[in-house]
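Working through the structure, step by step
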Amino acid sequence: MANTLSVEIGIWISAFMILCIYSWLYKYNKFFKFAESTMIGSAAGYLFIMGYNNIVNTSVRAIQIGKYWHILPILLGVSLFMRYVKNYEWIQRYGTAYLIAGTTAIFIRATIVTQVTQQIAATINYVSMATPMDILNSIIYLVFIVAVSGYFLFSERYSTKIPYYNVINKVGRYGFLTALGYYLGITVMTRIAFVSDRLRYLLFTWLKLSPF
Amino acid sequence: MSLSDKLLNIQEKYIYIVLAVLLIFPLLKPLGLPITIEDITYTYYEGIEALPSDTLILAPHDASTGTEMEIGLSSHIVIKHLFRKGFDIVFCTICASGPPIFFETLKAEGLYEQFMDDYGTKYVYLDFIAGEEAGAASIAASIRVATGGKDYFGNDLDSLPLMQGVDSGGDFDVVVATDEHSLLSVMWMNQVAIPYDIPIYCNPLAAVGSTFWPYIDAGQMTAMLIGAKGAAGYEILMNDPGPAAANMDAQTFVHVYLLILVLGANVLLGIKKYGGVE
């Protein structure tokens, strides 16, 4: 095993920060707090610069070449800060209203197609009777779609009017708990990939070890 | 205190120590356990492989420091594949931390020189576009309006040969999206792939891969690489085993360990509850 430590100061700082963060596994301590604050501070500073550059690129440059209407998004953005100015805080409503309305419009336009109509069509198309296994899959698929939808759609208030509501309710619960179990299981893979990557960094980039 | 109580009240730090050993050991001494390649990974690889070399790709590289440790595994190997195939690629991001990670990726894979040599003719980087889904929608509508007509380096887009006649989502043949969390790929799908009816390939975290299956089943998404396992399979298909494949031994060890912990804890609780052990 080669074992010459890295001599790059950036790698040492990075390794120190990784160890500070993982020291939390032992207990909450000053090193972790230092790394946590450094991370938050540097991220906030970085985001500020990126936001500033974005405003310059998309609006300020346009104003400089005579497209004066690009002042409008800047004014709407500034209006959001008026909530901190007593007597003029009502001005922030314009920025907020535009933000919510614009975002809603963009989301709804796409969501109705991608999350509703196409998903319903795909659910119907998924049902197949080609082979015995397809038939079984289709039955399981339809049962759980009806049961899970039923669990969320029908409140207790109306449950007595729906035949077999309790059965539907229970099957629905088992259905989405199974899905959540799968989701949790695969989340472990992500978390382990995170740790594994940082360990690789410490072992191979900082300590310069090599596999044996 | 009974043995079951002692085991159920074991201090967390001992569980973490065993976890660390199980992670470090296979990294230092890879065992080469077999890696199963999922069908969806084949679909991804074969889909990219089948594209002609003059394909124009929109490649949002929405990476963040918080998830790069897993997303990086798939994005590195996919970018390598795209460069190897010689596609024309327009990179961009709606994630603020995207630009530095993108250039680090190119440098780590030895592609930075190629990127800079062919910049403007085969590759363009549009920079960070704010607004997430609104940003994706603005790129889909008009790249020049979304970016102010400039790329990351401040070049006029009209001066770049690759950008001649390219302005909206419909001008691209394929979208290959790297995703920092669950939503950004869906935003590219919503705003570019579906409205312009072009295929989209995604690299989500394993943790959110399951939420993408309905899009795959519905044909809204063409294929995806699910986290580290998808990346490992892709490296095998590319005959270029790297960090993702090396990571899979550790993944196997730790998953078995966690399974033992979960089953063990449940058995002990069962014994305590029904076995009459005080």
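Rules and cut-offs
- Residues numbered from 1 in each chain as written.
- Chains lettered and ligands numbered in written order.
- Predicted model: local features only at pLDDT ≥ 70, side-chain atom pairs only at ≥ 80, totals over all residues.
- Axes fitted to C-alpha atoms, helices over the stretch in contact; angles between N-to-C directions.
- Helix = DSSP H or I, 4+ residues; strand = E, 2+ residues; numbered from the N terminus.
- Parallel < 35°, antiparallel > 145°, perpendicular 65-115°, else oblique.
- Left-handed = near helix turned anticlockwise from the far one by under 90°.
- Contact = placed C-beta atoms within 7 Å.
- Domains from an automatic or database assignment.
- Pairing = 2+ DSSP bridges.
- Nonpolar A, V, L, I, M, F, W, Y, C, P; charged D, E, K, R; others polar.
- Buried ≥ 20, exposed ≤ 12 C-beta atoms within 10 Å, placed from the backbone.
- Expected span 1.5 Å × (residues − 1).
- Bend = angle between axes of the 7 residues up to and from the residue.

1. Things to note about the packing of helix 4 (residues 68–85) of chain B against helix 5 (residues 98–108) of chain B
All names here are of chain B. The geometry of helix 4 relative to helix 5 is characterised by a closest axis approach of 10 Å and an angle of 55° between their N-to-C directions. Comparing the axis directions of helix 4 and helix 5 gives the class oblique. The crossing of helix 4 and helix 5 is right-handed. Note on element contacts: helix 5 touches helix 4 through Ile101, Thr105 and Ala108, opposite Glu68, Gly72, Ser75, His76 and Ile79.

2. Brief notes about the domain arrangement of chain B
By convention, interface size is frequently given as the accessible area that disappears when the constituent parts associate. Domain annotation of chain B identifies domain 1 (3–30 + 248–274) and domain 2 (39–241). Domain 1 of chain B and domain 2 of chain B are separated by 38 Å when their C-alpha centres are compared.

3. Some remarks on the sheet that holds strand 6 (residues 223–224) of chain B
Residues and elements named next belong to chain B. Strands sit in the order 3-2-1-4-5-6 across an open sheet of 6 strands; the sheet is parallel. Single-partner strands in this sheet number two, and they are strand 3 (123–128) and strand 6. In this structure, strand 1 (residues 56–62) lies alongside strand 2 (residues 88–93), joined through 5 bridges in parallel fashion. Along strand 2, the bridge assignment pairs Ala59 with Phe91.

4. As for the interface of chain A and chain B
With 41 residues of chain A at the contact, the number on the chain B side is 44 residues. Listed by contribution, the elements that provide at least two residues to the side of chain A that touches chain B are helix 2 (30–64), helix 4 (92–126) and helix 7 (165–206) of chain A. With 17 residues, the single largest contributor to the side of chain A that touches chain B is helix 7 of chain A. Residues of the side of chain A that touches chain B, tallied by class, amount to 25 nonpolar, 12 polar and 4 charged.

5. Considerations on unusual backbone geometry
Here Lys208(A), not a glycine, exhibits a phi torsion of approximately 60°, which is positive. The residue Lys208(A) is located in the segment after helix 7 in this model.

6. As for the environment of Gly169(B)
Within the fold, Gly169(B) resides in the loop between helix 8 (143–147) and strand 4 (174–179). Here Gly169(B) is in contact with Ile139(B), Ala140(B), Val192(B), Pro195(B) and Tyr196(B), once residues within four sequence places are set aside.

7. Concerning the pairing of strand 4 of chain B
Residue and element names in this part refer to chain B. Counted residue by residue, strand 4 has 6 buried out of 6 residues, so it is predominantly covered. With burial as the criterion, each face of strand 4 is covered, one bearing Val174, Val176 and Thr178 and the other bearing Val175, Ala177 and Asp179. With 4 bridges joining them, strand 1 and strand 4 adopt parallel strand pairing. Counted as the bridge partner of Ile57 is Val174 from strand 4. Two strands pair when backbone bridges link them, and strand 4 and strand 5 (residues 200–203) are joined in this way by 4 bridges, in the parallel orientation. For Ala177, the partnering residue across the bridge sits in strand 5 and is Cys202.

8. Overview of helix 9 (residues 183–196) of chain B
All names here are of chain B. With 14 residues, helix 9 should reach 20 Å at 1.5 Å per residue; the first-to-last C-alpha distance of 19 Å fits that figure. Along helix 9, the largest kink reaches about 40° and is centred on Met189. Among the 14 residues that make up helix 9, 10 are buried, leaving the element largely enclosed by the rest of the structure. Turning to helix 9, its buried residues are Leu184, Ser185, Val186, Met187, Trp188, Met189, Asn190, Gln191, Val192 and Ala193. Phi turns positive one or two residues past the end of helix 9, at Asp197, with a value near 55°.

9. A look at the packing of helix 3 (residues 71–79) of chain A against helix 4 of chain A
Residues and elements named next belong to chain A. Between helix 3 and helix 4, whose axes approach to 7 Å, the crossing angle comes to 115°. By the angle between their axes, helix 3 is roughly perpendicular relative to helix 4. Crossing hand, helix 3 versus helix 4: left-handed. Within the contact between the two elements, helix 3 uses Leu76, Gly77 and Ser79 and helix 4 uses Gln92, Tyr94, Gly95 and Tyr98. Across the contact of helix 3 with helix 4, the residue classes tally to 3 nonpolar, 4 polar and no charged.

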